[in-house]
Amino acid sequence: LREQPIFSTRAHVFQIDPNTKKNWVPTSKHAVTVSYFYDSTRNVYRIISLDGSKAIINSTITPNMTFTKTSQKFGQWADSRANTVYGLGFSSEHHLSKFAEKFQEFKEAARIAKEKSHEKMELTSTPSQESAGGDIQSPLTPESINGTDDERAMPEVTQNSEPRAEPTQNALPFTHSSTISKHWEAELATLKGNNAKLTAALLESTANVKQWKQQLAAYQEEAERLHKRVTELECVSSQANAVHTHKTELNQTIQELESTLKKKEEEIEGLKQEIENARELQAQRDSLTQKLQEVEIRNKDLEGQLSDLEQRLEKSQNEQEAFRNNLKTLLEILDGKIFELTELRDNLAKLIECS
């Protein structure tokens, strides 16, 4: 590949807000790889960064660019072609300083390449000279393009003024002779013919130059589009290992999350079973509570009946005690009566014996 990464680092990418031109807008959710690329074919240095498959930085380094450190871990530069300002946030001051050093180094290399390109353009754009009956400058049609996309040079087509056919003041005294007159008329006719041919060639060259400019612009747009696509693909290829490693880590993380999710689902099933058991226990508790209330009510009724029975029993016991007392009294009276009758019998018996 003609364009290869020559230095890479990781940073958070920002762009200036196009509306306010003050606030920074993050273009990456996390730190991404930012790389310097060198195109050996066009001798161009570029800064490229991808977030997935999207190019969030595609900036060609030019000699008039300046990288500015605005803090210990943040730097920025303006890209007039992209009509924006890029900002990079690094994890340490060392990474920022290293990136700034590389920016200055590649900026100087771009300046030297531009000067060499200008020198080459000046050599290729020098107009050629040819004589046609006199010193007449031929029109120029070739195009010169330097190594960068934004610097193009097209030499202007020039034409000398029409040559004068009038004799000079130092003409010989025989210029009015018919022979000299015919010679000058033939020379004038030749010059006019050459001039007409050069004029036609100039018009044709001008039309061709316009057409070539249009075709060149179309080719350059297509080439730039293809170059951006190739650069994106190259960046994707250069980051394939990192993406593969990241993908492996993500797969492991996914497996761990799936395992955790499975455990959580099992826990949820266990909790659902416990909830179901708890509901059954709650139903049993409600049933037992209702039965307990019924038993309590019945117990109160039984307590009332027991109290009534106790009162009746106490009354019955009192009556029995009174009856026993009365019976004892009657027994005592009866014993007295029996004793009296016994004495009476004994007395009667004695009387009978005596009589």
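Residues numbered from 1 in each chain as written. Predicted model: local features only at pLDDT ≥ 70, side-chain atom pairs only at ≥ 80, totals over all residues. Heavy atoms only, no water.

- The name an unreviewed UniProt entry gives the protein is Homer protein homolog 1, with Sterrhoptilus dennistouni as the organism.
- Of the comments in the UniProt record for the protein, the one headed Sequence similarities (unreviewed entry) reads "Belongs to the Homer family." (UniProt positions renumbered as here; feature names shortened; annotations may be inferred.)

## Some thoughts on the overall build of the protein
Okay, so step 1: Each helix and strand counted, the protein has three helices and 12 strands in total.
Okay, so step 2: Counting across all 355 residues of the protein, residues that qualify as buried make up 22%.
Okay, so step 3: Within the protein, contacts between residues at least 6 apart in sequence are counted, and of these 53% link residues at least 24 apart. (Helix = DSSP H or I, 4+ residues; strand = E, 2+ residues; numbered from the N terminus. Buried < 20%, exposed > 50% of the residue type's maximum accessible area, 1.4 Å probe, protein only. Contact = heavy atoms within 4.5 Å.)

## Digging into the confidence of the model for the protein
Okay, so step 1: In the predicted model, the protein carries a mean pLDDT of 77, and 75% of its residues have values of at least 70.
Okay, so step 2: Every residue in residues 127–177 scores below 50 in pLDDT, and together they form 79 contacts with partners more than four places removed in sequence or on other chains. (pLDDT = per-residue confidence, 0-100.)

## Overview of the packing of aromatic side chains
Okay, so step 1: For the structure shown, the criterion picks out 14 aromatic pairs.
Okay, so step 2: For the ring pair Y36 and F106, a centre distance of 4.8 Å and an interplane angle of 65° mean the geometry is edge-to-face. Here the residue Y36 occupies a position in strand β3 (residues 32–39), and F106 occupies one in helix α1 (residues 93–124), the gap between them amounting to 70 residues.
Okay, so step 3: Taking the relative accessible area as the measure of exposure, F106 reaches 6% and is therefore buried.
Okay, so step 4: An aromatic cluster of at least three residues, connected via ring pairs, comprises F7, Y36, Y38, Y45, F67, W77, Y86, F90, F99, F103 and F106. (Phe/Tyr/Trp six-rings, centres within 6.5 Å; stacked < 30°, edge-to-face > 60°.)

## Here we look at unusual backbone geometry
Okay, so step 1: Residue K21 is not a glycine yet carries a positive backbone phi of 60°.
Okay, so step 2: Within the secondary structure, K21 is located in the loop between β1 (3–16) and β2 (24–26).
Okay, so step 3: Even without glycine at this site, N43 takes up a positive phi of about 60°.
Okay, so step 4: Position of N43 relative to the elements: it lies in the loop between β3 and β4 (44–51).
Okay, so step 5: Given the relative accessible area of 31%, N43 is considered partly exposed.

## Considering the pattern of salt bridges
Okay, so step 1: Summed over the entire model, instances satisfying the criterion amount to six salt bridges.
Okay, so step 2: For K102, the salt bridge goes to E105, with nearest N and O atoms at 3.9 Å. Of the two residues, K102 and E105 are both situated in helix α1; the distance of three residues between them amounts to about one turn of the helix.
Okay, so step 3: By relative accessible area, E105 is classed as partly exposed at 45%.
Okay, so step 4: D346 serves as the salt-bridge partner of R345, at 3.9 Å between the closest nitrogen and oxygen. (Salt bridge = Lys/Arg side-chain N within 4 Å of Asp/Glu carboxyl O.)

## Focus: the nonpolar core
Okay, so step 1: Of all hydrophobic cores here, the largest spans 23 residues; its most connected members are Y36, I47, I57, W77, L88 and F99.
Okay, so step 2: If you list the elements that add at least two residues to this core, you get β1, β3, β4, β5 (54–60), β8 (84–89) and α1.
Okay, so step 3: Among the elements that line this core, the one with the most residues is α1, at six residues.
Okay, so step 4: Setting aside anything within four residues of it in sequence, one finds Y36 in contact with Q4, P5, I6, F7, R46, I47, I61, F99, K102, F103 and F106. (Core = buried A, V, L, I, M, F, W, Y, C linked by side-chain atoms within 4.5 Å.)

## Examining the pairing of strand β7 (residues 74–79)
Okay, so step 1: Across two bridges, strand β6 (residues 68–69) lies against β7 in antiparallel orientation. Considered in β7, the bridge of T68 is made with Q76.
Okay, so step 2: Connecting the antiparallel pair β6 and β7 is a turn made up of four residues.
Okay, so step 3: As defined by bridge partners, β7 adjoins β8 across six bridges and the pair is classed as antiparallel. Note that in β8 the partner of A78 across the bridge is V85.
Okay, so step 4: Here β7 folds back onto β8 in antiparallel fashion, the turn holding four residues, of which N83 has a positive phi close to 55°. (Pairing = 2+ DSSP bridges.)

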